[in-house]
Amino acid sequence: FLFPFELKNVDVGSSEEDVLKASGENFVVGGANRWDYDSFVNWDFFPSADYPILVYFKETETSEDKWNEGPGGLDKSGIGGQIHFFPAIANVKQLKEQFELRGCASIEK
């Protein structure tokens, strides 16, 4: 994943140069691997921000008919959107700061 915080979206690719050219197809639901930050309806770190293993976000840009595919089929939150997880092999403090700075929605715990 590439979070180009100077841009308005998150993207998936092997390098910044590759990502900015084309994201490729999402392997679970198809379509481009690019989501605007303002489409985020929730994000978090699992099991916690202090000891992150996975980064989670849910977005509403993916077509609604795909929201229950992949991990979305297990979602019981009642908040619509496609779920995404990726390994927390980044500076999660910076990710958290940037999610908040970009106004990415997050459900209060």
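Bear in mind the structure is a predicted one, so any value in this text is a computation, not a measurement.

With that out of the way, let us pick up the confidence of the model for the protein. Close inspection of predicted coordinates is inappropriate for parts of the model with low pLDDT. Per-residue confidence for the protein averages 79 on the pLDDT scale, and 69% of its residues sit at or above 70. Across the protein, the element-wise mean pLDDT spans from 53 in helix H1 (residues 16-21) up to 94 in strand S3 (residues 40-47).

Before going further, it helps to examine unusual backbone geometry. For the bond from Phe 46 to Pro 47, the omega torsion is 0°, close enough to zero to count as cis. Tracing the backbone through its elements, the reader meets Pro 47 in strand S3.

Now for helix H2 (residues 92-101). Among the residues of H2, those classed as buried are Val 92, Leu 95, Gln 98 and Phe 99. Relative to the axis of H2, the buried residues are bounded by an arc of 120° and lie together on one face. Projecting away from the buried face of H2 at angles above 90 degrees are the exposed residues Lys 93 and Leu 101. As for H2, its buried residues are in contact with S3, strand S4 (52-59) and strand S5 (82-87).

Definitions and limits used
Residues numbered from 1 in each chain as written. Predicted model: local features only at pLDDT ≥ 70, side-chain atom pairs only at ≥ 80, totals over all residues. Heavy atoms only, no water. pLDDT = per-residue confidence, 0-100. Helix = DSSP H or I, 4+ residues; strand = E, 2+ residues; numbered from the N terminus. Buried < 20%, exposed > 50% of the residue type's maximum accessible area, 1.4 Å probe, protein only. Arc of directions from axis to C-beta. Contact = heavy atoms within 4.5 Å.

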